[in-house]
Structure formats: C-alpha cells, structure tokens
Amino acid sequence: MGKIVLENIKLFGFHGCMPEEKYVGSHYTIYLEIEFDFHQASTNDDLSKTINYVDLYSIVKKEMNINSKLIEHLAQRIIQRIKEYKKPLIKNTKIKICKENPPLQGNVDRVCIILDD
C-alpha cells in the first residue's frame, strides 16, 4: 500500500450559507490523501498503473468551481469524482477542506472539515 498526498492546495471559491459568501467568496486550503496499492506502478515505472496527481488536482479545482452551501457537501462531491476516476485502485480517500478567515463573530483563522471515506 502507498499514498498520494496533495498538501495545501490553495483555491478560491464561493461556498457558504450566508448570502455574502456567494458574492465575496473565500480562500480555501485543501489536503487530499489517496491510499492505494501502487506496487505495479513503482515496479514498472508505468503511469497507467497509478493515480495521476495532476488529474486529482484537476478534479478538486473543477468541484471547487461548483458552489455549495456546505463544505461537507463539497468534500463528498470531490471524493465521489475521484472514486469514479480510478475506483478499482483506491482503497481509501481522505480530504480536509479549510475555509480561511470564515465569517464569524470572532477571530478564527479557519474552519475545517475532514472526510475519511
């Protein structure tokens, strides 16, 4: 078993329940971890036997462009798209999405959700 990890993907999106979040938007930081058996890829130096991290980034970016009220929903959509992309290879997917400077009545750097599927 092995893992591909994309750390600190930084994107901008319009997710949230408050009306201003749909117009102002927020910065997001995403951590993505995909667990799978990449023995064949590592032995044969064959891209077709692994999961291309360029494709993973593209999936995250595309889903970030579709507005959601909840980042929990966004996380589930991203995981679903990744599973559709390479389902037979994937053993586990973990995603952490953080909204930077959330619109709260206090000083909070970020709010995050973690989905381990």
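Before any of the text, the structure's been laid out above.
Note that the structure is predicted; figures quoted are calculated from it, not measured. (Residues numbered from 1 in each chain as written. Predicted model: local features only at pLDDT ≥ 70, side-chain atom pairs only at ≥ 80, totals over all residues. Heavy atoms only, no water.)

Trainee: So, the packing of aromatic side chains: which residues are in play, and what are the values?
Mentor: Under the criterion given, the structure shown has two aromatic pairs. Taking the centre distance of 5.4 Å and the plane angle of 85 degrees together, the rings of Phe-12 and Phe-14 count as edge-to-face. Over the ring of Tyr-85 we find Lys-86; its NZ or CZ atom is 5.7 Å from the centre of that ring. (Phe/Tyr/Trp six-rings, centres within 6.5 Å; stacked < 30°, edge-to-face > 60°. Lys NZ or Arg CZ within 6 Å of the ring centre and 35° of its normal.)

Trainee: Now, about the pairing of strand S3 (residues 90-100): what can you tell me, with residues and values included?
Mentor: Pairing geometry for strand S2 (residues 26-36) and S3, over nine bridges, is antiparallel. Counterpart to Ile-34 in the pairing with S3 is Thr-93. Note that S3 and strand S4 (residues 110-116) share seven bridges and pair antiparallel. Opposite Cys-98, over in S4, you have Cys-112 as the bridge partner. (Pairing = 2+ DSSP bridges. Helix = DSSP H or I, 4+ residues; strand = E, 2+ residues; numbered from the N terminus.)

Trainee: Tell me about the nonpolar core, and please be specific about residues and values.
Mentor: Grouped together as the largest cluster of nonpolar side chains are 24 residues, with contacts concentrated most on Ile-30 and Ile-97. Among the secondary structure elements, those contributing two or more residues to this core are strand S1 (2-13), S2, helix H3 (53-64), helix H4 (71-86) and S3. For this core, the leading source of residues is H4, giving six residues. (Core = buried A, V, L, I, M, F, W, Y, C linked by side-chain atoms within 4.5 Å. Buried < 20%, exposed > 50% of the residue type's maximum accessible area, 1.4 Å probe, protein only.)

Trainee: Mind laying out the sheet that holds S4, listing which residues take part and the relevant values?
Mentor: Read from one edge of the open sheet, four strands run S1-S2-S3-S4, paired in antiparallel fashion. In this open sheet, the two strands that pair with only one neighbour each are S1 and S4. Geometrically, the sheet is characterised by an average inter-axis angle of 15 degrees between neighbouring strands, direction not taken into account. With ten bridges connecting them, S1 and S2 associate as antiparallel partners. Bridge assignment links Gly-13 to a residue of S2, and that residue is Ser-26. Packing of H4 onto the sheet brings it into contact with S2, S3 and S4, and relative to S3 it is tilted by some 150 degrees. (Axes fitted to C-alpha atoms, helices over the stretch in contact; angles between N-to-C directions. Contact = heavy atoms within 4.5 Å.)

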